[in-house]
Amino acid sequence: MSETATAPHRALGLTDAEYELIVDKLGREPNAVELSMFSLMWSEHCAYKHSKKLLGQLPTEGPYLLMGPGENAGAVDVGDGLAIAFKVESHNHPSAVEPFQGAATGVGGILRDVFAVGARPIAVLDSLRFGELDSARSRYLLEHAVGGIGHYGNSIGVPTIGGELYFEGPYEQNCLVNAMALGIAEADRLTRSAATGPGNALILFGALTGRDGIGGASVLASAELGEGDADKRPTVQIGDPFAEKKLMECSLELLDRELLVSLQDLGAAGLTSSSSEMASKGGLGLDIHVDRVPLREPGMEPFEIMVSESQERMLCVVEPARVDEVLAVCAKWETTATVIGEVTDSGRLRVLSGGDVVGDMPVEALVDDCPLYDLAPEKPSAPIYPTPARTLPPDTGARAILPALLGSWNVADRRPVFEQYDCLVQSRTVRRPDDADAAVLLLPAPADGGARPAIAVSIDGSGRRVACDPYRGTVEAVLECAANLACVGAEPLGLTNCLNFGNPEKPHIAWQLSESVRGMADACRALDVPVVGGNVSLYNEGPEGPIYPTPVVGMVGRLPDAARAGRLGFAVEGDAIAFAGPFAPALPGSELAKLRGEPLPDGLPEIDVASVRKAQEAVRDAVRRGELRSAHDVAEGGLAVALAECCLGGDHGARVDFRGAGSEGERLLETLFGEGAGGFVLSGPRPALAALAREIQLTFVGEVTGSDLVLTLDDEATLSWPLAELREARSRGLADAIG
Amino acid sequence: MRFGVLRFPGTCDEVDAQLACERVGEATILWHGDTDLQGVDAIVVPGGFSYGDYLRVGAIARFAPIMESVIRFAREGGPVLGICNGFQVLCEAGLLPGALLPNKTLRFVCRQVDLVVEHADTVFTNACAEGERLSIPAKHTTGCWYAPRELYEQVEANGQVLLRYAPGENFNGSLGDVAGVRNEAGNVFGLMPHPEHAVDPLTGSVDGLKLFQSIANHVGAHV
C-alpha cells in the first residue's frame, strides 16, 4: 500500500503542510477525533481558504444593512421595525450524487440558517443548472432535484416563489443546486450565534444523530467529482421536512419567549462546526459530552458523532435556570432536546466521552488558523469550453428563430417546474412566478394604516455570459437582478451571492474567480448595494472539465405600495410600447449564438453601469407612480423574446416598428435577438412614457393591439406570429423534455 | 361568530385559514393535543402536511385528541370545513364520503383553477350563486377524489357535490370532476382547492371568501 493511501490526513483532504500546522498548533499529533474535526473545519467548504482573501473586496456596508456576513444569514431593514434575513447556499455535489435528497436538504439547510437568526422563513428561491436535456442524466437530475425542492419546501409551509433554470453542457456531470431563503423578524430581535456566559448549558435539539453525511463538507464538497461518486452516496444527508417543520416552530417559540442566549444550526461539519463557530464568536470554550448525544444507531464513535451531518438539528446556549423551560417547549413540539455540554472560559473545544477527554483543541486553531491561500490567476490562452452543438439549421431566418428561441430549454416557459412548488402559503404572494420579473411579497400593514409595503426578490446569474467574460458577465448578473427589482418598483437593499466555480488551484479557474469577484464588487458599489452574506462552492468540475463560472446573485428590495407592484405582461389594448435604457444588443455569447453552435466570444462589450443604474431608477420610479402598465427587462433571447414574453404574459398582441434594422441579415438578427445589459420593454399611456423619455433613453416603438405579434421591418416587409403559435412553442419547450 | 382552526404538527396553512376567517368573524387556533373546542361556532381543518403525511395522508391526524371533539361537534350538527389536508383528514375520520388518491400525474401541482358551484343553498355556499364560477388556487399531490361506484352514485343523487372543477380544470383526475363534497347531513364539507388563499385582492382573487362568508351567514342565522 502506498503512503498516500495510508496517511490519514490526506484521505481526509488535508495537505502535509496543513497537517504539520495542526501538529504545531496542538503541540502534539492530533488523535483521530481531532484530526476528523480539523479536516472539516479546514476544508474549503468551512474555511473558504481559497476565496476568503478575494471576498474582502465585496462591499458589506449599506444604509439598510442590519446584519452582515459572518452570521447564519444577513439581514436588511425594511422599515416599520422589521428586518428581512436572507442567504443563498449551494448543495451542488450532494445533488450531483443524489439529486432528490441533495436538493431537499439544500432547502432544509438554508431554511435553518434563516430561522437560526430568529426570522420566520417566508420564501425560498432556487437557482438550478443542468446539462442539456437531451441527456438522460440531465433529465434525471432535473426531475429529482425539482422533486426534492418541492417535497421539502411544500411540506414545511414555506412558499417557493421564484428561481432560475439553465441548461448547458458544462453542467452535465456537475449540476448546480443553489437555494435561497428569506425570513422576516422584528429588527431588534435578530439572534446572533455567539456563545456567552461560562456555565451556561449547551442544548442540542431536533433529529437524532446518525451516520449520514459523514465527511460531506470535506470529501464531497471540497473535491472534484469523478469516478466512483456513487460510492459517496452515504455522504449525502437524508432530509425530513416534518422534523424540520417541528424544529422551526420550536425554535421560533423558544426565541419568542426569550429563552435562548444564542442559537446556531447544524449544517456542514455538523456539531464540530456549529459548536466551534459559537465558541469562536463568543471568545469562549465549550465542553461537549458526546455520550449524551441521542443517536439514531448504537455504537457510533465519538468522531462520527462530532462530524455527522444528520439534518434537522439545532444547537443553543441556555442559562441554567431556563433549561427546564426550554426542554418543555421542545417536548411540546415533539422535538428531542438534550443538554450535551456547557460553555467554559477555557478557549478550548473539549470532547468528552464516558468522562474521558477524547479531543481537546484551541477553538482559535480550529476556526481561525486554517491557512488562507493566494490564488495564481492566469487568463487561459485558448478557449476552455467546448463549442455547443448547432441545433438551428444554418440559414434559419428571423421568422423561424423566434419560436425556436422561445421553445429552447433556456428560454421556454418554466411552468412545468414552478407548478411543482407551493408559491402561495403564508398569504404574502403578490406576484407569482410568470407575473413579473421579480417575486413580490406583502409586508405587514403599517401602523398608520397607509399603503401596504412589500419586498421584491430575484435570483440570477448566467454562467454562459460569465464564461465569455468573468468580469462583465458578473456585472451583468448583478445588473440583471437589480433590473428585475426595478420592473416591480423595488429599490435594492442588499444581495447575497453563491460563487460556483471549478478548482481554484488551477490558474484559469483562479482567473475566473478573481475577475468575477472584482466584477461583483464593482457592480455592488456602482449600485450602492451591500453583500449581506453568501456562500462559495469550488471544485465544481469533473473529468470533462469545469462548469461555467457561475456567480449567482440573490437580491432583495422594497417597494412602498404592493398595489402598484409591476407586471411584465402587456395589459391594455392601445397602450404605447417603448424600448428604454442604454441597450446595445450583441449576438456573441447570446442564446441565439448557442443555438447556432457558435463558440463563446473572448469578452463581452463594455457596460455603462451608471447609465444602466439611471435607467433602472427611472423605470422603478415610474412603476411606483403607477404610470406603467408593464415593465420587463431584456435578457436571454433579446428584444424579440422580451416582446413575445410581454405579449404572452398579458395575452395581448403588439405591433412594433423595427424600421432601420434592415429586413434581413445579421444586422436584423442582432437587433431582434442580441443580448446585453440595460434594456427594458415598457408599456403604458403615451404621456407617461413621454415623461420618462425626458429622463432616460427611450424610443416609442409600437402599440399593444390584436392577437398577433407583428414586427414592421420596412415599408413592405413585416414579420408576424399569431400568439397561439408563440405560446405553443414556449409552453412545449420544457414540458416535452420532462413530461 | 368564532371559528376554531386546528393545528397539528406539520399543518402549514392554519395561519392563512385564520386570516381568512378573521375577515368574516373571529378565529382561534386549536392545538391537536387538546380536546376543548373552546365553544367555537365552526371548525376549519386546514391544509398542510399533518404528521408529515406519514403512513397515509390524514391517517395519523384523524387520531389526534382534538379530532374526538371535532367528530362529536360534527355529529351534533356543527359546521366543519376541511381544506386540502383537512379534507383528507375528514375523509379518514369517516365524516366525509370517499378518499383522496395521488394526482394522476403523481406530482405536486400548484395552479389557479376555476370551480363551478353546483348548489348554493348550503351551509358552505349560500353566499354564491348556483352555476357561479370561482377562481381559487389548488396545490396538492394527493387530491384525486375517488369513491366506489355505489357510493359515488349516492353522493351525486344526494346532491352532495357542492363544487366541481370547471371543464378542463381537473388536473388531479378526480372522479366526476369533484372538487368539494359535503356529508349527507350537510354540515361537513371538504375541498381540495384553497379558499383561504383567495380572500385578498392584493394576492389574487377574492372568490374563496364566499365560502367563509357562507359559514358566517349560516351561523348568524342559527344563533
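Residues numbered from 1 in each chain as written. Chains lettered and ligands numbered in written order. Predicted model: local features only at pLDDT ≥ 70, side-chain atom pairs only at ≥ 80, totals over all residues.

Caption draft 1: Main features of the overall build of chain A. In terms of helices and strands, chain A carries 26 helices and 28 strands. A compact globule built from 739 residues would reach a C-alpha radius of gyration of about 27 Å, and chain A, at 26 Å, matches this within 12%. By principal-axis analysis of the C-alpha atoms, chain A measures approximately 90 × 65 × 45 Å. Looking at chain A residue by residue over its 739 residues, the buried ones come to 61%. Contacts in chain A between residues at least 24 apart in sequence constitute 85% of all its contacts with a sequence separation of at least 6. (Helix = DSSP H or I, 4+ residues; strand = E, 2+ residues; numbered from the N terminus. Rg over C-alpha atoms; globule rule 2.2 N^0.38 Å. Buried ≥ 20, exposed ≤ 12 C-beta atoms within 10 Å, placed from the backbone. Contact = placed C-beta atoms within 7 Å.)

Caption draft 2: Just the overall build of chain B, in detail. Secondary structure summary: chain B contains five helices and eleven strands in total. Radius of gyration (C-alpha) of chain B: 16 Å, near the 17 Å computed for a compact globule of 223 residues. For chain B, the spread of C-alpha atoms along the principal axes amounts to about 40 × 40 × 35 Å. For chain B, the residues scored as buried account for 57% of the 223 residues in total. Long-range contacts, defined as pairs at least 24 residues apart, comprise 73% of the intrachain contacts of chain B with a sequence gap of at least 6.

Caption draft 3: View of the sheet that holds strand β16 (residues 454-460) of chain A. Residue and element names in this part refer to chain A. Overall, mixed pairing links the six strands, which are arranged β14-β15-β16-β21-β17-β18 in an open sheet. This sheet does not close on itself; its edge strands, each paired only once, are β14 (429-431) and β18 (531-537). With direction set aside, neighbouring strand axes in the sheet form an average angle of 20°. Note: strand β17 (residues 491-500) against strand β21 (residues 550-559), nine bridges, orientation antiparallel. (Pairing = 2+ DSSP bridges. Axes fitted to C-alpha atoms, helices over the stretch in contact; angles between N-to-C directions.)

Caption draft 4: Here's a closer look at the interface of chain A and chain B. Contacts between the two partners involve 24 residues from chain A and, on the opposite side, 22 residues from chain B. Breaking the side of chain A that touches chain B down by element, the ones donating at least two residues are α9 (136-156), α11 (241-256) and β14 of chain A. It is α11 of chain A that provides the largest number of residues to the side of chain A that touches chain B, a total of four residues.

Caption draft 5: Molecular detail of the sheet that holds strand β4 (residues 80-83) of chain B. Residues and elements named next belong to chain B. The strand order β2-β1-β3-β4-β11-β10-β9-β6-β7 describes an open sheet built from nine strands, whose pairing is mixed. With one partner strand each, in any of the chains shown, β2 (26-31) and β7 (133-140) form the two edges of the open sheet. Averaged over all neighbouring strand pairs, the angle between strand axes comes to 25°, with direction disregarded.

Caption draft 6: The arrangement of the pairing of β16 of chain A in detail. All names here are of chain A. In terms of burial, β16 is largely enclosed, as seven of its seven residues are buried. Neither face of β16 is open: one carries Ala454, Ala456, Ser458 and Asp460, the other Ile455, Val457 and Ile459, and all of them are buried. Inspection of the sheet shows strand β15 (residues 439-442) paired to β16 by four bridges, in the antiparallel sense. Opposite alanine 439, over in β16, you have valine 457 as the bridge partner. Of the pairings in the sheet, the one linking β16 to β21 comprises seven bridges and is antiparallel in character.

Caption draft 7: Representation of the packing of helix α20 (residues 507-527) of chain A against helix α22 (residues 609-624) of chain A in the model. Residue and element names in this part refer to chain A. Where α20 meets α22, the axes come as close as 10 Å, and the angle between the chain directions of the two elements is 45°. The angle between the axes of α20 and α22 places the two elements in the oblique class. Regarding α20 and α22, the two cross each other, and that crossing is right-handed. Each of Ala523, Ala526 and Leu527 in α20 lies in contact with α22, whose residues at this interface are Val609, Ala610 and Arg613. When its residues are assigned to classes, the contact of α20 with α22 shows five nonpolar, no polar and one charged. (Parallel < 35°, antiparallel > 145°, perpendicular 65-115°, else oblique. Left-handed = near helix turned anticlockwise from the far one by under 90°. Nonpolar A, V, L, I, M, F, W, Y, C, P; charged D, E, K, R; others polar.)

Caption draft 8: Fine view of the environment of arginine 56 of chain B. Residue and element names in this part refer to chain B. Relative to the assigned elements, arginine 56 resides in the loop between β3 (42-45) and α2 (65-75). Judged by C-beta crowding, with 13 C-beta atoms within 10 Å, arginine 56 ranks as partly exposed. Taking the C-alpha atoms as reference, arginine 56 lies 15 Å from glycine 94; in sequence the two are 38 residues apart.

Caption draft 9: Fine view of the packing of helix α16 (residues 398-407) of chain A against helix α26 (residues 723-738) of chain A. Residues and elements named next belong to chain A. Put simply, α16 and α26 touch, their axes get as near as 7 Å, and they point 35° apart. Contacts between α16 and α26 pair Pro403, Leu406 and Gly407 from the former with Glu725, Leu726, Ala729, Arg730, Arg732 and Gly733 from the latter. Looking at side-chain class alone, the contact of α16 with α26 contains four nonpolar, two polar and three charged residues.

Caption draft 10: Quick peek at the confidence of the model for chain B. Looking at chain B, the pLDDT average stands at 97 and 100% of residues meet or exceed 70. The complex prediction reports pTM at 0.95, with the ipTM value standing at 0.96. (pLDDT = per-residue confidence, 0-100.)

Caption draft 11: Just the environment of alanine 622 of chain A, in detail. All names here are of chain A. Note that alanine 622 resides in helix α22. For the pair alanine 622 and valine 97, spaced 525 residues apart in sequence, the C-alpha to C-alpha distance is 47 Å. Beyond its immediate sequence surroundings of up to four residues, alanine 622 is in contact with Glu627, Leu628, Ala688 and Leu692.

Caption draft 12: Main features of the pairing of strand β24 (residues 654-657) of chain A. Residues and elements named next belong to chain A. The side-chain alternation of β24 yields one buried face, formed by Ala654 and Val656, and one unburied face, formed by Arg655 and Asp657. In the sheet, β24 pairs with strand β26 (residues 698-704) via three bridges, with the strands oriented antiparallel. What sits directly across from valine 656, in β26, is glycine 702. Across four bridges, the pairing between β24 and strand β27 (residues 708-712) is parallel. Paired with arginine 655 across the two strands is valine 710, which belongs to β27.

Caption draft 13: Expanded view of the environment of valine 188 of chain B. Residues and elements named next belong to chain B. Within the secondary structure layout, valine 188 lies in strand β11 (residues 188-191). Exposure remark for valine 188: the 28 C-beta atoms within 10 Å place this residue in the buried category. Once the C-alpha coordinates of valine 188 and leucine 96 are considered, the two residues, 92 residues apart in sequence, prove to be 7.1 Å apart. Sequence-distant contacts of valine 188, that is, excluding residues within four places in its chain, are made with Ala74, Val80, Leu90, Leu95, Leu96, Arg182 and Asn183.

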